[in-house]
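What follows is the residue order along each chain.
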Amino acid sequence: MKKTVKSVVCILLILTLSLSTGLLAYLHFFAPGDRDVSGEWTAGLHMTNQAAARAFGWLRDIEAVSVSLEEVEAGMQDLDIEVSLVFEKTDRSGGNFRCSVLPESYEACRQAAYEAFAGVFLELLAERLRMAGYTGGTDRESLEALVAGAFGMSTVDYLMSHGPALLPSLEELQDGYEGSGTYKVEEGIVTRYFEEDGTIIQEGYIRKDSSLVLSGGTDDADSGSFRGHDPAVYTLKQPESQ
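Residues numbered from 1 in each chain as written. Predicted model: local features only at pLDDT ≥ 70, side-chain atom pairs only at ≥ 80, totals over all residues. Heavy atoms only, no water.

## Notes on the packing of helix α2 (residues 48-61) against helix α4 (residues 103-131)
Next, step 1: Look at α2 against α4: their axes get within 11 Å of each other, and the N-to-C directions meet at 25°. Looking at the two axes, α2 sits roughly parallel to α4. As for how α2 packs across α4, the hand of that crossing is right-handed. From α2, A55, W58 and L59 reach across to α4, where they touch F117, V120, F121 and L124. (Axes fitted to C-alpha atoms, helices over the stretch in contact; angles between N-to-C directions. Helix = DSSP H or I, 4+ residues; strand = E, 2+ residues; numbered from the N terminus. Parallel < 35°, antiparallel > 145°, perpendicular 65-115°, else oblique. Left-handed = near helix turned anticlockwise from the far one by under 90°. Contact = heavy atoms within 4.5 Å.)

## Thoughts on the packing of aromatic side chains
Next, step 1: Enumeration over the complete set of coordinates arrives at 8 aromatic pairs.
Next, step 2: Both rings, one in W58 and one in F121, keep their centres 6.2 Å apart while their planes meet at 40°; by these two values the pair is tilted. Taken together, the residues span a long stretch of sequence, with W58 in helix α2 and F121 in helix α4 at a distance of 63 residues.
Next, step 3: Look at F121 and you get buried, because its relative accessible area is 13%. (Phe/Tyr/Trp six-rings, centres within 6.5 Å; stacked < 30°, edge-to-face > 60°. Buried < 20%, exposed > 50% of the residue type's maximum accessible area, 1.4 Å probe, protein only.)

## As for the environment of A51
Next, step 1: Among the structural elements, A51 can be located in helix α2.
Next, step 2: The exposure class of A51 is buried, given its relative accessible area of 0%.
Next, step 3: For the pair A51 and P164, spaced 113 residues apart in the sequence, the C-alpha separation amounts to 9.2 Å.
Next, step 4: Leaving out residues up to four positions away in the same chain, A51 has contacts with M76, L79, L166 and L167.

## Observations concerning helix α5 (residues 140-151)
For an α-helix, the turn length of 3.6 residues means that residues three or four places apart are oriented alike.
Next, step 1: Taking 1.5 Å per residue, 12 residues should reach 16 Å; α5 reaches 16 Å between its end C-alpha atoms and fits that length.
Next, step 2: Within the sequence span of α5, burial applies to L143, E144 and V147. On an axial view of α5, the arc spanned by its buried residues comes to 100°, and they lie on one face. Exposed side of α5, more than 90 degrees from the buried face: E141 and G149 are the residues found there.
Next, step 3: Contact partners of the buried residues in α5: α4 and α6 (155-162).
Next, step 4: The N-terminus of α5 is capped by D139, whose side-chain oxygen sits 3.2 Å from the backbone nitrogen of E141. (Expected span 1.5 Å × (residues − 1). Arc of directions from axis to C-beta. Polar contact = N/O pair within 3.5 Å; in protein donor to acceptor, adjacent residues only side chain to side chain.)

## Points about the nonpolar core
Next, step 1: In terms of nonpolar packing, the biggest core is built from 51 residues, with M76, I81, F87 and F117 touching the most fellow members.
Next, step 2: No other element matches the 13 residues that α4 contributes to this core.
Next, step 3: Among residues more than four places away in sequence, those in contact with F117 are A55, W58, L59, M76, L159, P164 and L166. (Core = buried A, V, L, I, M, F, W, Y, C linked by side-chain atoms within 4.5 Å.)

## Some remarks on the confidence of the model for the chain
Next, step 1: Put simply, the chain has an average pLDDT of 78, and 74% of its residues get 70 or more.
Next, step 2: Here helix α1 (residues 2-29) is the element of the chain with the lowest mean pLDDT, 42, and α6 is the one with the highest, 95.
Next, step 3: Confidence over residues 219-231 falls short of pLDDT 50; this stretch has 28 contacts with residues more than four positions distant or in other chains.
Next, step 4: Overall, residues 238-242 carries pLDDT values under 50, and its contacts beyond four positions in sequence, including any with other chains, amount to 0 contacts. (pLDDT = per-residue confidence, 0-100.)

## Re the pattern of salt bridges
Next, step 1: For the coordinates displayed, the defined rule picks out 4 salt bridges.
Next, step 2: The residue R140 makes a salt bridge to E144 at a minimum N-O spacing of 3.5 Å. With a gap of 4 residues between them, R140 and E144 both fall in helix α5, about one helical turn apart.
Next, step 3: Relative accessible area serves as the criterion here: at 43%, R140 is assigned to the partly exposed category.
Next, step 4: As a salt-bridge pair, R192 and E203 come within 2.8 Å of each other at their nearest N and O atoms. Here E203 lies in strand β6 (residues 199-208) and R192 lies in strand β5 (residues 189-196), a separation of 11 residues in the sequence. Across the pair, exposure class does not vary: R192 and E203 are buried alike. (Salt bridge = Lys/Arg side-chain N within 4 Å of Asp/Glu carboxyl O.)

Below, the structure is given as structure tokens:
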């Protein structure tokens, strides 16, 4: 009886170990897990700080500053330009990628930046008018009418035409961010390889849930930044059917 029980236990252990080994092998070699990053991802290039600094510098140059840089930044939040990153898997651990700046996102960000800047500009205009003894209305609609009467255009259009360039041009961003190359996924790290000025550059990303977080690049001085901008986090766009 004891021999029978031992035999059954041994058989069960062997079966369990075999199943466990098979499952681990499947997960390692066939299950997508963190190895599969194929599909379209998007990243936000954060432009708030740069746009606010340029707006503040222009206001300072025309001696219209009675606000701080921090206050200008507070009025110009969430200025992001989307970058599309598409991974195409060609083997178990890697493949090719292509990266592009979305023009429609650039235009939307540019418009939002100047609309926010117009709000700051009109607040300063109202303050100057009150200091000068102006007794007319200083609400947004009245101020817009004054600007239209003086310059023949809205405040946003005036700042776009005669104010500072709040964002880099689309061409500059395309030159800096667009391109293609290869990628590998090893031990949870996604590494992109691409050529820049004849040099192979590599950037590493850590996958956290549905995001890829930049962890470093070829030059340690660039670690934690994305081409000089705030750290970019790529968020996976899941198909609508999932």
